[in-house]
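If you want the building blocks of each chain, they are given just below.
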Amino acid sequence: MLQSDAAVQFTLRYLALLETHLLITWTSDDRPVCVVDWIGDDAIAALKAALADLLGSPLHTDARQATIAYGAEHIQTVGFGLAPDFTEFIKLGLIYGERVVLWDIVASRYLAKPQFEVASKSVLAQSACELLMLRSVVERGGVVVLGHPITWSPLAAEIDGELHGEQNVSAATLGLSIALAAIEEGLPLHPYALLRDGYRPATAQRVESQTDELFSAQNYVFQQSIGSLLRDQRVGYLRDVRVVDFFDVLSEHSSLRRALRRHFSLTLEGMSPQQAKVESEALTEDLVRLIEKQNAAITDYVAEGVDATGTFLLASIAAISVGMPLVQMLSAVGAVALPLTTAVRKWANRPPRNIIVQSFKTLADDAENSMPCVPSLLEPSSEAVKGVVEPSIQDLHNRFMAFHWASDRHHLLESLSPEVARALLATLGPNDLWTIVNERHRQEAYIGDYLAHLWKVDEASYWEHLGKSCESPDGLLAYDLEEHVDNMRSCTIPIKVWSQVLDSLFVAHAEALDVRNYDYALERLLEIIVFQCERADDAAEKRAALVSQAAGLDPARSAALADFLKTAFGGQLPAWIVI
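Residues numbered from 1 in each chain as written. Predicted model: local features only at pLDDT ≥ 70, side-chain atom pairs only at ≥ 80, totals over all residues. Heavy atoms only, no water.

Peer 1: Even after reading the chapter, I still don't get the overall build of the protein, so can you show me in this structure?
Peer 2: Across its full length, the protein carries 30 helices and 7 strands. The buried share of the protein, taken over its 579 residues, is 53%. Across the protein, the fraction of contacts at a sequence separation of at least 24, relative to all contacts at a separation of at least 6, is 78%. Just so you have it, the protein exposes about 25,500 Å², and 51% of that area is on carbon and sulfur atoms. (Helix = DSSP H or I, 4+ residues; strand = E, 2+ residues; numbered from the N terminus. Buried < 20%, exposed > 50% of the residue type's maximum accessible area, 1.4 Å probe, protein only. Contact = heavy atoms within 4.5 Å. Areas by Shrake-Rupley, 256 points an atom, 1.4 Å probe, with all protein chains shown as cover.)

Pasting the structure below:
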């Protein structure tokens, strides 16, 4: 792990300001949650002022100096251009170097306009959550944020102004030019981008001379190849693993970066990007046919601990890690440029080191072990490594109530921070509660699991739900775990819920009560009555309520109730029961 320096300290202060002013909360699995509707104009103004103070402070100057010092001994990367998948963007930078440097865009871009647009709040919230997802990596020194170069570099500011004045300038060209300007100002950085076409972006003429050295064709091909690998579904654990776990594995296996670069950086000299792509695809097909014959042999190599990395192992990493047929995983090789005959000779005679297999196996295990339960109907599993941004609590309520299955509501509630979950629960009305707990067909267990989670999140809402469940014509909710019954026979329930329990006894379970058919539900209700009337904190009030309701019963029902209660008190009614 890396040592903390001023750049890390500055970044943690920066993240703390985002968290505080945007009212960001956290889920149980350490994902930030931001409700856009909670971000008021006053919060935006306060954040703008606080960031301005931080970016103008001596700590930011120290952070830039610390970045210069760190870059003298370590490889630092700086991303540029658009990042359709921010997590993939960061992982690419961590493979490319030992620390990723990000530019502040919150203060320099989003909040720099005289009038902050309301529509920009969701973009601000998303960016803040993405950055806060990196906090553990920041604490380890793997990612830092610095002020945007246009705010402290005259050269970067001039280039920014010039390119914005031109037409058809891509975000990649602008970003690379700004990165090169920062490098010229003394920051030792290595630019990278998450670009998916075959052409390197152009740069501003004033920094063009640095392009071949700092963003060469070879580096660009390497970045594209790694990006392709990160997106490949057959090694999906690279996408699903948390960034902090990804960084920890890279730190533990220090030679992994070099192994990946050796594998991908053998260039196809003299070929156009299109020719290189076609040649790589053809090589992949050749390898498929080869691996079909050598599948068992490859598995044996790995099982016996024989060194087995290189072209073939990058194709088979997923199979080795998750137990799927190796042939299905082959095209994970991505864009490689190793002549087939050389590959065959290396594989058959002297496989190189297996650091990639070891590292990727660890990543696969981390992805599987750390993946939280994510709503299958809400978002793909990769969202589990991202923050949560909700437009408003009302939008969240609408989505919550649109589900039919209680399990989907349960999973959505689990994906939220306790603060946001409680805000959502506060919007539920009586009709919502009825729908949630009394539309039971084939989902009693799902409702029970939902209630069990609710008990941990909001006790008051839990009792509201449970009381509403007593109004069902089906009577007491019955499922195998009985957690709700355990709570009612061991905790003092609110008097409103007690009244609903008694109503259920005299309405939903009246017929069974009259014929003395003490089924599962009545046995549980009897246990609940005994606890609430004998040991609850407000037992006297509960007794009075029971006697009051019993007084309104007809003689036959009154006698049935007396017989029912006698079974709990040794065949005799306690003195306080007057029926």
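Peer 1: Would you mind going over the sheet that holds strand 7 (residues 388-390) with me for this structure?
Peer 2: Two strands in a sheet stick together by hydrogen bonds in their backbones, pointing the same way (parallel) or opposite ways (antiparallel). Taken in spatial order, the 3 strands of this open sheet run 1-2-7, and their pairing is mixed. Each of the sheet's edge strands pairs with one partner strand only, and the pair in question is strand 1 (25-26) and strand 7. Where strand 1 and strand 2 (residues 32-35) come together, 2 bridges link them in antiparallel fashion. Residue pairing for strand 2: Thr25 is matched across the bridge by Val33. (Pairing = 2+ DSSP bridges.)

Peer 1: What is the right way to look at the sheet that holds strand 5 (residues 143-146) in this model?
Peer 2: Overall, parallel pairing links the 4 strands, which are arranged 5-4-3-6 in an open sheet. If you trace the sheet from one side to the other, it starts and ends with strand 5 and strand 6 (190-193), each paired once. Across this sheet, the average inter-strand angle for adjacent strands is 35°, counted without regard to direction. With 4 bridges connecting them, strand 4 (residues 99-103) and strand 5 associate as parallel partners. Residue Trp103 lies in a different strand from strand 5, and its bridge partner there is Leu146. Against the sheet, helix 1 (residues 6-21) touches strand 4 and strand 5, its axis set at about 75° to strand 5. Of the strands in this sheet, strand 3 (76-80), strand 4, strand 5 and strand 6 are in contact with helix 4 (residues 86-96), which crosses strand 6 at around 145°. (Axes fitted to C-alpha atoms, helices over the stretch in contact; angles between N-to-C directions.)

Peer 1: Would you take a moment to explain the environment of Ala540 for this structure?
Peer 2: Along the chain, Ala540 turns up in helix 29 (residues 539-551). Here Ala540 falls in the exposed class, since its relative accessible area comes to 56%. Distance in space between the C-alpha atoms of Ala540 and Trp576 is 9.2 Å, their sequence separation being 36 residues.

Peer 1: Would you explain helix 13 (residues 243-252) in this entry?
Peer 2: Because each turn of an α-helix spans 3.6 residues, side chains separated by three or four positions end up pointing in the same direction. Across the 10 residues of helix 13, 8 count as buried, placing the element largely inside the fold. Among the residues of helix 13, those classed as buried are Val243, Val244, Asp245, Phe246, Phe247, Asp248, Val249 and Leu250.

Peer 1: Sorry if this is basic, but what is going on with helix 3 (residues 58-71) here?
Peer 2: The first and last C-alpha atoms of helix 3 sit 20 Å apart over 14 residues, in line with the 20 Å expected at 1.5 Å per residue. Turning to helix 3, its buried residues are Leu59, His60, Ala63, Arg64, Ala66, Thr67, Tyr70 and Gly71. Viewed end-on, helix 3 has its buried residues packed into an arc of 160°, placing them on one side of the element. Counted as exposed and oriented over 90 degrees from the buried face of helix 3: Pro58 and Ala69. For helix 3, the secondary structure elements touched by its buried residues are helix 1, helix 2 (41-55), strand 3, strand 4 and strand 5. (Expected span 1.5 Å × (residues − 1). Arc of directions from axis to C-beta.)

Peer 1: Explain the state of the cysteines to me, please; I cannot follow it from the model alone.
Peer 2: In protein chemistry, a disulfide is the covalent bond that joins the sulfur atoms of two cysteines. All chains considered together, the criterion is met by 0 disulfides. Free of any disulfide, Cys129 has its nearest cysteine sulfur in Cys34, 5.1 Å distant. (Disulfide = S-S within 2.5 Å.)

Peer 1: I tried to follow the packing of aromatic side chains on my own but got confused; where do I start?
Peer 2: A ring pair, where both rings are aromatic, is described by two values, the distance of the centres and the angle of the planes. Following the criterion strictly, the structure yields 10 aromatic pairs and no others. Between the aromatic rings of Trp405 and Tyr446, the centroid separation amounts to 6.0 Å while the plane-to-plane angle is 85°, which identifies the pairing as edge-to-face. Of the two residues, Trp405 is situated in the loop between helix 19 (393-402) and helix 20 (406-414) and Tyr446 in helix 23 (residues 444-457); the sequence distance between them amounts to 41 residues. An aromatic cluster of at least three residues, connected via ring pairs, comprises Phe86, Phe89, Tyr96 and Tyr192. For Arg99, the ring lying beneath its charged end belongs to Tyr70, and the centroid distance is 4.0 Å. (Phe/Tyr/Trp six-rings, centres within 6.5 Å; stacked < 30°, edge-to-face > 60°. Lys NZ or Arg CZ within 6 Å of the ring centre and 35° of its normal.)

Peer 1: Would you mind going over unusual backbone geometry with me for this structure?
Peer 2: Backbone geometry follows two general trends: most residues other than glycine have a negative phi, and most peptide bonds adopt the trans configuration. In this structure, Arg442 is a non-glycine residue whose phi angle is positive, near 65°. Take Arg442: it is sitting in the loop between helix 22 (430-438) and helix 23. Arg442 gets classed as exposed once you look at its relative accessible area, which sits at 68%. Backbone geometry places Arg516, a non-glycine residue, at a positive phi of 60°. Examined against the element boundaries, Arg516 turns out to sit in the loop between helix 27 (510-514) and helix 28 (520-534).

Peer 1: So what exactly am I meant to see when it comes to the nonpolar core here?
Peer 2: Counting 80 residues, the largest nonpolar core has Tyr14, Leu47, Ile90, Leu102, Trp103 and Val106 as the members making the most contacts within it. When residues of this core are assigned to their parent elements, the largest contribution, 9 residues, is made by helix 9 (residues 171-184). Counting residues in hydrophobic clusters, the runner-up holds 58 residues, among them Leu451, Ile493, Phe506 and Leu561. (Core = buried A, V, L, I, M, F, W, Y, C linked by side-chain atoms within 4.5 Å.)

Peer 1: Explain the confidence of the model for the protein here, please?
Peer 2: Parts of the prediction with low pLDDT should not have their coordinates interpreted in detail. The share of residues in the protein with pLDDT of 70 or more is 70%, and the mean pLDDT across the chain is 79. Per-element confidence in the protein ranges from a low mean pLDDT of 35 for helix 16 (residues 311-322) to a high of 98 for helix 1. Residue range residues 280-357 is modelled with pLDDT below 50. Its contacts to residues more than four positions away, or to other chains, number 127 contacts. (pLDDT = per-residue confidence, 0-100.)

Peer 1: Even after reading the chapter, I still don't get the pattern of salt bridges, so can you show me in this structure?
Peer 2: Pairing of side chains with opposite charge becomes possible as their charged atoms draw close. Following the criterion strictly, the structure yields 18 salt bridges and no others. Across the pair Arg109 and Asp160 runs a salt bridge whose closest N-O atoms are separated by 3.2 Å. Of this pair, Arg109 sits in helix 5 (residues 106-110) while Asp160 sits in helix 8 (residues 154-164), and the two are 51 residues apart along the sequence. Taking the relative accessible area as the measure of exposure, Asp160 reaches 11% and is therefore buried. One salt bridge in this structure joins Arg524 and Glu523, with 3.9 Å as the shortest N-O distance. For Arg524, a relative accessible area of 13% translates into the label buried. Salt bridges sharing common partners tie together Glu482, Asp486, Arg489, Glu523, Arg524 and Glu527. (Salt bridge = Lys/Arg side-chain N within 4 Å of Asp/Glu carboxyl O.)

Peer 1: Which parts of the structure should I look at to understand the layout of surface pockets?
Peer 2: If a probe the size of a water molecule is rolled over the atoms, the empty space left behind becomes visible. Considered as a void within the structure, the second largest pocket measures approximately 810 Å³ in volume. Lining of the second largest pocket is provided by 30 residues; of these, Gly81, Leu82, Trp103, Ile105 and Tyr110 occupy positions nearest its centre. Elements represented by at least two residues in the lining of the second largest pocket include exactly strand 3, helix 4, strand 4, helix 5, helix 6 (120-132) and helix 9. Taken together, the residues of the lining of the second largest pocket sort by class into 19 nonpolar, 7 polar and 4 charged. (1 Å grid on protein atoms, 1.4 Å probe; cavity = no way out; pocket = protein on both sides within 12 Å on 5 of 7 lines; lining within 4 Å. Points joined across faces, edges and corners; volume = space filled by probe spheres on them. Nonpolar A, V, L, I, M, F, W, Y, C, P; charged D, E, K, R; others polar.)

Peer 1: What exactly am I supposed to notice about the packing of helix 19 against helix 22 here?
Peer 2: Two packed helices can be described by the angle between their axes and the distance between those axes. Closest axis-to-axis distance for the helix 19/helix 22 pair is 11 Å, and the angle between their directions is 35°. For the pair helix 19 and helix 22, the sense of crossing is left-handed. In this structure, helix 19 uses His397, Phe400 and Met401 to contact helix 22, whose residues at the interface are Asp432, Thr435 and Ile436. Among the residues forming the contact of helix 19 with helix 22, the class breakdown is 3 nonpolar, 2 polar and 1 charged. (Left-handed = near helix turned anticlockwise from the far one by under 90°.)

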